[in-house]
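Remarks on the overall topology
The residues making up each chain are set out below.
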Amino acid sequence: MEAIIQVRDVTKTFVGKDNKVEALKGINLDIHKGEIYGIIGMSGAGKSTLVRCLNFLERPTTGTVFIEGKDLSQLKEGELRKTRTEIAMIFQHFNLLMQRNVIDNICFPMEIKGTSRKDAVKRAKELLEIVGLSEKAKAYPAQLSGGQKQRVAIARALANNPKILLCDEATSALDPTTTKAILALLKEINEKYGITIVIITHEMAVVQEICTHVAIVDSGNLAETGTVEEVFSRPKSSAARKLVFQDENGKYEEMTGKRCIRIVFKSNSSFEPVIANMVLACKAPVNILLADTKDIGGVAHGQMILQLPDEAVAAEKMIQYLRDRNLEVEELKNYVG
Ligand SMILES: Nc1ncnc2c1ncn2[C@@H]1O[C@H](COP(=O)(O)OP(=O)(O)OP(=O)(O)O)[C@@H](O)[C@H]1O
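Residues numbered from 1 in each chain as written. Predicted model: local features only at pLDDT ≥ 70, side-chain atom pairs only at ≥ 80, totals over all residues.

The next point concerns the site of the ligand. Close to the ligand lie Phe14, Val21, Ala23, Gly41, Ser43, Gly44, Ala45, Gly46, Lys47, Ser48, Thr49 and His202. Secondary-structure elements contributing two or more residues to the shell around the ligand are strand E2 (20-31) and helix H1 (47-54). Considering every element that reaches the shell around the ligand, the biggest residue donor is H1, with 3 residues. (Near = placed C-beta within 6 Å. Helix = DSSP H or I, 4+ residues; strand = E, 2+ residues; numbered from the N terminus.)

Given below as structure tokens:
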């Protein structure tokens, strides 16, 4: 099936007075209908620029984007505006109209489209129900919490029945509990209405929570793309490894020079007895550099990175020991990459 969003060779260069920033260096990406696609990367990697290129809020310097097969670069201004109504967007800071109450914020895009006041209010009330905020219809944004403001923004984004919802750091200003609730709402919307969702974030936890697929942006390039399961359980690029293995403070220990392996497993069993028995059987110690389990789509995935003993025979014996127990062992030639 043809992807609903096709990004083809997109570059974006910002030219300043005496400098030039290549924010995107040739991006190719396919996002299919119904996916929840995470786009993740470090600060300055180019995520916001990429998401703004998806609806041509930002025109790529070269390359183009196809939405349902339509080449955005070939559309006239009016056609582009029409296509954009099918691609809604929500933001980190909600962007609500402060002088309007909740209902009137949600009615706003329908007013622009020319929907009658009566129909718009009816639809706004339905949307408020969907986002679980019916009791706040008459409230003003200043009277709402961050999570409630984002619910209003989501209701407003859905007003004109978009096919795609772009979320630019939509949970970055929210606390972890509110973040979870908003992500659950996005997932519900995706499932109930089949809306394709693209989520820009710098938080791995967001991707892990709801995304089906992920693209890792690194210095204007796509370092890696795949299902969340693939990328999280076997990150190939150093950019992906840095994101997957960073600790809660975003720190990533650099370790090079020694022979390291990653063990990956997919079950609820624990690593520890295997490692302890391996050490006993091989009569050599190992250094556990990282042990981590993550819940991805309801399946526990574990990974452990071990530094093997310098002594080659013992190291080989250990790898064989683990493989004999059907664990996936990958040698990390250069742990940091
Ligand atoms: N309008 C602009 N003019 C000049 N440079 C820009 C403009 N917008 C973005 N850039 C530059 O392009 C690069 C990518 O920026 P972008 O905002 O896309 O990154 P990001 O991954 O979204 O970062 P963050 O997570 O910090 O928002 C940065 O070096 C940034 O300074």
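Within a beta sheet, neighbouring strands are joined by backbone hydrogen bonds and run either parallel or antiparallel to one another. With mixed pairing, 6 strands are arranged side by side in an open sheet as E6-E7-E8-E3-E9-E10. Each edge of the open sheet carries a strand with a single partner, namely strand E6 (87-91) and strand E10 (221-227). Strand after strand, the sheet turns through a mean of 15° between neighbouring axes, direction not considered. (Pairing = 2+ DSSP bridges. Axes fitted to C-alpha atoms, helices over the stretch in contact; angles between N-to-C directions.)

We now examine the sheet that holds strand E4 (residues 62-67). Across the sheet, 4 strands lie side by side as E2-E1-E4-E5; this open sheet has antiparallel pairing. Lying at the two open borders of the sheet, with one neighbouring strand each, are E2 and strand E5 (70-71). Where strand E1 (residues 5-15) meets E4, 5 bridges bridge the pair, whose relative direction is antiparallel. From the neighbouring strand, Val7 faces E4, where its bridge partner is Val65. Most of the contacts of H1 go to E2, to which it runs at about 55°, and overall it touches E1, E2 and E4. (Contact = placed C-beta atoms within 7 Å.)

Once that is clear, we can look at unusual backbone geometry. A positive phi angle, near 50°, is found at Asn161, a position not held by glycine. With respect to the secondary-structure elements, Asn161 resides in the loop between helix H5 (146-158) and strand E7 (164-168). Its 11 C-beta neighbours within 10 Å are what place Asn161 among the exposed residues. (Buried ≥ 20, exposed ≤ 12 C-beta atoms within 10 Å, placed from the backbone.)

Just geometry here; none of it tells us what the structure is for.
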